Amino acid sequence: MIEVAEAGLLDTLDKEELAKLTQALVRIDSVIRPESGGTERNVVRFIADWIHGEIGIKPIIEEVQEGRENVVATLDSGSQGPCLMLEGHTDVVSEGSRDAWSHDPFGGEIADGRIYGRGSCDMKAGIAVALVTARAVAKSRAWAGKVRLGFVCDEEGMMIGIKHFIRGGHADDVTACLVPEPEENNLCITMKGAIRAIVRVHGRMAHGAMPLSGINPNTRLARIILAFEELEAAEKRRCGIDPLIGLPSITFTVLQSPPPGSPAQLNVMPGEAVAYVDIRTTLAQSHDGLRERLRGVLRELAKADRDLNAEIEFIEDRPVVGIPRDEPIARISAAAFRDVTGREPVWNGVSGATDGTFLSAWKKIPCLVNGPGPRHIPHQADEYVELDQVWECARVYVLSSLRFLRPRGPDGSPRP
Ligand SMILES: [Zn+2]
């Protein structure tokens, strides 16, 4: 049940303002464009100014890489309590071919109750929700602890933003985190893990007319691809379907032979082949165990063919993370969802990693991913977010935050 004081604070939210804020964020192009120097910079300035103007605190802007920055702000109630983090990423993926869009990708147009544009759901609407939530909490007199706002760069890349944020100590005092990535306001308590790897196969270059004088890395890479596919099938059988995040996978995404830098010629057998592998994991797998199994596949193939000389390099590790449904941030958000919507929440998992993956894995911070926007739409043309879902999310966030930050008596029970 929503209490009177809570209802009063929810009443300060303004749906039209929320729409306008989301539109304004979408209209600032924050695609990373190395060719023209485009970065998150302008949206970072906008967010920092908004926080300063609307909440009255001056955020810290930290440079992570040239032109790529994080915005960090802390609202302090002045009394002891937990620190709730509201997280978002400011980068968006490329709009791709503009011909594929029926709306301007940076127009923030509203049509049929949807806001269109690149980043509308992934995740500028989420950032707007986090901002108005922080302001609403700041207006409340009945809260304890802190709110940490962390809007970071490069989530769509190697996640250097959140890693820098954590290394800078900004997550040290965080008790729990809400991540408004587009999940249709489902409560996502698990995030799939990922391992990124590069396979290099060393052969010996030869004339295409005299292949026997060389060692063909391409045919060996083909065998590795098929052997990894077998391992994938075995892992799927062994792990089964996770109810929230589905099946694990091992996917070759890029094949390069010869590798970049060496000219490709039809009558030249290259000396090396390189392949990128995108591996997604579930709770039933251990990353160490899986890495060992992948290395084992190469060892077995090399036993059968002494000319097969291949290695696998692991370049990124994003562990599978999860929290139970009765974790305070999940339990409180579920109750807030019921009170705001009158519906039962949908429990779910995130099919990829998010910034929350690192907050969970590196700092053991319970993260709940529950933002507005269709789950299948991010990175597509005509990306959109439903305004009603943004509105619902903002009310759920405000209520969850207030309850999470409710002042407690000496025995830990919430003060009325
Ligand atoms: Zn995202």
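Nothing here was measured: the structure is a model prediction, and the numbers come from that model. (Residues numbered from 1 in each chain as written. Predicted model: local features only at pLDDT ≥ 70, side-chain atom pairs only at ≥ 80, totals over all residues. Heavy atoms only, no water.)

Asks: Report on the overall build of the protein chain, specifying residues and quantitative values.
Replies: Along the protein chain, the regular secondary structure elements total 10 helices and 18 strands. Rg of the C-alpha trace for the protein chain: 24 Å, near the compact-globule value of 22 Å for 416 residues, within the 12% margin. Projected onto the principal axes, the alpha-carbon positions of the protein chain cover approximately 85 × 45 × 40 Å. For the protein chain, buried positions account for 56% of its 416 residues. (Helix = DSSP H or I, 4+ residues; strand = E, 2+ residues; numbered from the N terminus. Rg over C-alpha atoms; globule rule 2.2 N^0.38 Å. Buried < 20%, exposed > 50% of the residue type's maximum accessible area, 1.4 Å probe, protein only.)

Asks: Could you give me a rundown of the side chain of E235, with the residues and numbers involved?
Replies: With respect to the helices, strands and loops of the structure, E235 is situated in helix α6 (residues 217–239). At a separation of 2.7 Å, a polar atom in the side chain of E235 contacts the side chain of R293. Those residues in contact with E235, other than ones at most four positions away along the chain, are G240, P248, Q285, L290 and R293. (Polar contact = N/O pair within 3.5 Å; in protein donor to acceptor, adjacent residues only side chain to side chain. Contact = heavy atoms within 4.5 Å.)

Asks: I'd like a description of the sheet that holds strand β4 (residues 110–111), backed by residues and values.
Replies: With antiparallel pairing, 3 strands are arranged side by side in an open sheet as β4-β5-β18. Whereas interior strands pair on both sides, the edge strands pair on one side only; in this sheet they are β4 and β18 (384–386). The pairing of β4 with strand β5 (residues 114–116) spans 2 bridges and is classified as antiparallel. Within the sheet, the bridge partner assigned to I110 lies in β5 and is I115. Lying on the sheet, helix α2 (residues 15–27) is in contact with β4 and β5; it crosses β5 at an angle near 15 degrees. Strands in contact with helix α4 (residues 120–139) are β5 and β18; relative to β18, the strand with the most contacts, it is inclined by about 50 degrees. (Pairing = 2+ DSSP bridges. Axes fitted to C-alpha atoms, helices over the stretch in contact; angles between N-to-C directions.)

Asks: Run through the nonpolar core, naming residues and quoting values.
Replies: Of all hydrophobic cores here, the largest spans 66 residues; its most connected members are I47, I51, L86, L149 and F151. Residues in contact with L86, not counting those within four places in the same chain, are A130, T133, A134, V147, R148, L149, G150, L178, Y397 and S401. (Core = buried A, V, L, I, M, F, W, Y, C linked by side-chain atoms within 4.5 Å.)

Asks: Break down unusual backbone geometry for me, citing the residues and quoting the values.
Replies: Trans is the common state for peptide bonds, and a negative phi is the common state for residues other than glycine. Put simply, D122 and M123 share a cis peptide bond, and its omega is -5 degrees. With respect to the helices and strands, the residue M123 is situated in helix α4. The residue after S257, namely P258, is reached through a cis peptide bond having omega -5 degrees. Tracing the sequence through the fold places P258 in the loop between β11 (249–256) and β12 (268–269). Even without glycine at this site, E184 takes up a positive phi of about 55 degrees. You can see E184 is positioned in the loop between β7 (176–182) and β8 (187–191). On the basis of relative accessibility, which here comes to 31%, the residue E184 falls in the partly exposed class.

Asks: Requested: an account of the packing of α2 against helix α3 (residues 41–55), with residues and values cited.
Replies: It is at 10 Å that the axes of α2 and α3 come closest, and there the two elements cross at 150 degrees. By the criterion of interaxial angle, the relationship of α2 to α3 is roughly antiparallel. Where α2 abuts α3, its residues E17, L21, A24 and L25 lie against V43, F46, I47 and W50. Class assignment of the residues belonging to the contact of α2 with α3 gives a composition of 7 nonpolar, no polar and 1 charged. (Parallel < 35°, antiparallel > 145°, perpendicular 65-115°, else oblique. Nonpolar A, V, L, I, M, F, W, Y, C, P; charged D, E, K, R; others polar.)

Asks: Describe in detail the coordination of the zinc ion, supporting the description with residues and values.
Replies: Protein ligation of the zinc ion involves H89 (NE2), D122 (OD), E181 (OE) and E181 (OE), the donor distances falling in the range 1.8 to 2.7 Å. For the zinc ion, the 4 donor atoms are set out with angles of 53 to 143 degrees between them, so the coordination reads as irregular. (Donors = N, O, S within 2.8 Å, 3.2 Å for Na, K, Ca; no water. Tetrahedral: all angles 85-135°; square planar, octahedral: opposite > 155°, others 65-115°.)

Asks: Which residues make up empty space enclosed by the protein, and what values do they have?
Replies: The full count for this structure, using the stated rule, is 1 cavity of 30 Å³ or more. Empty space within the largest cavity amounts to approximately 30 Å³. It is helix α10 (residues 387–404) that provides the largest number of residues to the lining of the largest cavity, a total of 3 residues. Residues of the lining of the largest cavity, tallied by class, amount to 4 nonpolar, 2 polar and 1 charged. (1 Å grid on protein atoms, 1.4 Å probe; cavity = no way out; pocket = protein on both sides within 12 Å on 5 of 7 lines; lining within 4 Å. Points joined across faces, edges and corners; volume = space filled by probe spheres on them.)

Asks: Any details on the packing of aromatic side chains? Residues and values, ideally.
Replies: Going through the model one piece at a time under the given rule, you end up with 3 aromatic pairs. Consider the rings of Y116 and Y384, whose centres lie 5.8 Å apart with planes at 50 degrees: the pair is tilted. One end of the pair, Y116, is in strand β5; the other, Y384, is in strand β18, with 268 residues separating them in the sequence. No difference in accessibility class separates Y116 from Y384, as the two residues are buried. Taken together, a centroid distance of 5.5 Å and an interplanar angle of 35 degrees make the contact between F228 and F252 tilted. Of the two residues, F228 is situated in helix α6 and F252 in strand β11; the sequence distance between them amounts to 24 residues. With relative accessibility at 1%, the residue F228 sits in the buried group. Across the ring face of Y384, the terminal group of R114 is positioned such that the distance to the ring centre comes to 3.8 Å. When the ring centre of F314 is taken as reference, the NZ or CZ atom of R291 above it lies at 5.9 Å. (Phe/Tyr/Trp six-rings, centres within 6.5 Å; stacked < 30°, edge-to-face > 60°. Lys NZ or Arg CZ within 6 Å of the ring centre and 35° of its normal.)

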